[in-house]
Amino acid sequence: MTGFGARLVEAIAARGNLCAGIDPHPGLLDAWGLDRDPGGLEKFALAAVDVLAQEVSVVKPQSAFFEAFGAPGVAVLGRVIEQARDRGALVLLDVKRGDIGSTMAAYAAAYLGDQAPLRADAVTVSPYLGFGSLAPALGAGEGLFVLARTSNPEAAGLQNALLDNGKTVAQSIVDEAARCNAGAASLGDVGVVVGATVQPGELDLAGLNGPVLAPGFGAQGATVDDLRRLFGPDLPGVLPASSRDLLRHGPDPVALRDAVRRTQAILTG
């Protein structure tokens, strides 16, 4: 099977690099006039994915907002993943899993590979039990986005801490991901998460040879100019992620679609 990195290159060429989040936040359910129950969740999520997955290269469901509804919410998440694929989008499942040994292997079995019950094209993972703890999820041809330098203010003290080799923790994670991608003909399958609101110059991404998920674009304040200062003018392999800034235009599907297309035009302008 073609690796995630190569599939992502094809998807970006066809539909651009916007990553559209599906975050059924309680406030958005309210704004859409829906109940805060599994029925409201299902109406919201399936209406959102029906529009978004026909327009963008990657959709990113936030698993926590589905899990909050228990087993019915997880069942809705499964339908969202299936519907996104049917409409031609790659699915990046935002789960931020990270553990050791058989537990990490179980997470990989849940989300990655042909037999996974919640099969995604890629997932977000945490390396903070050591990058090597991610080994059970590596090498399956699916994508990993490893938390490196995130956009939340609380992260700076840990992620910018200096190691004995003089590198920051965040840079060491980028370098480990780069080693996983060495020799990949296209983009490698191991990406990193770097917030669009971090300062230029904090990280050296030149050798990554993998994708970058850039949350913080849109509602969190980062602009296209910020993205270009941080990642370069052409944004190769960078997925600016926007969720609530798009979803607030629902439930009208035409308004939601138009918001996606305006954002895509801004990114390519």
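To start, this report covers the structure provided alongside it. (Residues numbered from 1 in each chain as written. Predicted model: local features only at pLDDT ≥ 70, side-chain atom pairs only at ≥ 80, totals over all residues. Heavy atoms only, no water.)

**With respect to the overall build of the chain**
Within the chain, the secondary structure is distributed over 11 helices and 8 strands. For 269 residues, the compact-globule estimate of 2.2 N^0.38 gives 18 Å, and the chain sits close to it at 18 Å. Each principal axis of the C-alpha atoms in the chain carries an extent, and together these give about 55 × 45 × 35 Å. Split into buried and exposed, the 269 residues of the chain put 52% on the buried side. Contacts in the chain between residues far apart in sequence, at least 24 positions, make up 67% of those at least 6 positions apart. By element, 52% of the accessible surface of the chain is carried by carbon and sulfur atoms, the whole surface being about 11,300 Å². (Helix = DSSP H or I, 4+ residues; strand = E, 2+ residues; numbered from the N terminus. Rg over C-alpha atoms; globule rule 2.2 N^0.38 Å. Buried < 20%, exposed > 50% of the residue type's maximum accessible area, 1.4 Å probe, protein only. Contact = heavy atoms within 4.5 Å. Areas by Shrake-Rupley, 256 points an atom, 1.4 Å probe, with all protein chains shown as cover.)

**Quick look at the side chain of Asp121**
As for its position among the elements, Asp121 is in the loop between helix H6 (101–111) and strand S4 (122–125). When its relative accessible area of 5% is taken as the criterion, Asp121 is described as buried. Only 2.8 Å separates the side chain of Asp121 from the backbone nitrogen of Val91, close enough to count as a polar contact. Residues within four places of Asp121 in sequence aside, it is in contact with Phe4, Arg7, Arg85, Ala89, Leu90, Val91, Glu142 and Gly143. (Polar contact = N/O pair within 3.5 Å; in protein donor to acceptor, adjacent residues only side chain to side chain.)

**As for the packing of aromatic side chains**
Inspection of the entire model under this criterion finds 2 aromatic pairs. Aromatic pair Phe4 and Phe145: ring centres 5.9 Å apart, planes at 85°, arrangement edge-to-face. Placement of Phe4 in helix H1 (residues 4–15) and of Phe145 in strand S5 (residues 143–149) is noted, with a sequence separation of 141 residues between them. Consider the rings of Trp32 and Phe44, whose centres lie 4.3 Å apart with planes at 45°: the pair is tilted. Within this pair, whereas Trp32 is found in the loop between helix H2 (26–31) and helix H3 (38–52), its partner Phe44 is found in helix H3, the two being separated by 12 residues in sequence. (Phe/Tyr/Trp six-rings, centres within 6.5 Å; stacked < 30°, edge-to-face > 60°.)

**Structural notes on the nonpolar core**
Counting residues in hydrophobic clusters, the biggest one holds 70 residues, and the most contacted among them are Leu52, Val59, Val123 and Phe231. The biggest single contributor to this core is H3, with 8 residues. Contacts of Val123, omitting those with residues within four sequence positions, involve Leu92, Leu93, Val95, Tyr111, Leu112, Gly143, Leu144 and Phe145. (Core = buried A, V, L, I, M, F, W, Y, C linked by side-chain atoms within 4.5 Å.)

**Describing the sheet that holds strand S7 (residues 212–214)**
Taken together, 8 strands build a closed barrel; the order of strands is S1-S2-S3-S4-S5-S6-S7-S8 and the barrel is parallel. For this sheet the average axis-to-axis angle between neighbouring strands, irrespective of direction, equals 30°. Two strands pair when backbone bridges link them, and strand S1 (residues 19–22) and strand S8 (residues 238–242) are joined in this way by 2 bridges, in the parallel orientation. Within S8, the position partnered with Cys19 by the bridge is Ala241. Seen against the sheet, helix H8 (residues 169–181) touches S5 and strand S6 (190–194) and runs at an angle of roughly 155° to S5. (Pairing = 2+ DSSP bridges. Axes fitted to C-alpha atoms, helices over the stretch in contact; angles between N-to-C directions.)

**As for the pairing of S6**
Of all 5 residues in S6, 5 are buried, a share of seventy percent or more. Alternating residues of S6 divide into Val190, Val192 and Val194 and Gly191 and Val193, and every residue in both groups is buried. With 5 bridges connecting them, S5 and S6 associate as parallel partners. Note that in S6 the partner of Arg149 across the bridge is Val194. Pairing of S6 with S7, which is carried by 2 bridges, proceeds in the parallel orientation.

**As for the packing of H3 against helix H11 (residues 253–268)**
The relative placement of two packed helices comes down to the angle between their axes together with the axis-to-axis distance. Contact geometry for H3 and H11: axes closest at 9 Å, N-to-C directions at 50°. Taken together, H3 and H11 sit at an angle that is classed as oblique. The crossing of H3 and H11 is right-handed. Residues Ala48, Val51 and Leu52 of H3 form the contact with H11, whose own contacting residues are Pro253, Leu256, Arg257 and Val260. Partitioning the contact of H3 with H11 into residue classes produces 6 nonpolar, no polar and 1 charged. (Parallel < 35°, antiparallel > 145°, perpendicular 65-115°, else oblique. Left-handed = near helix turned anticlockwise from the far one by under 90°. Nonpolar A, V, L, I, M, F, W, Y, C, P; charged D, E, K, R; others polar.)

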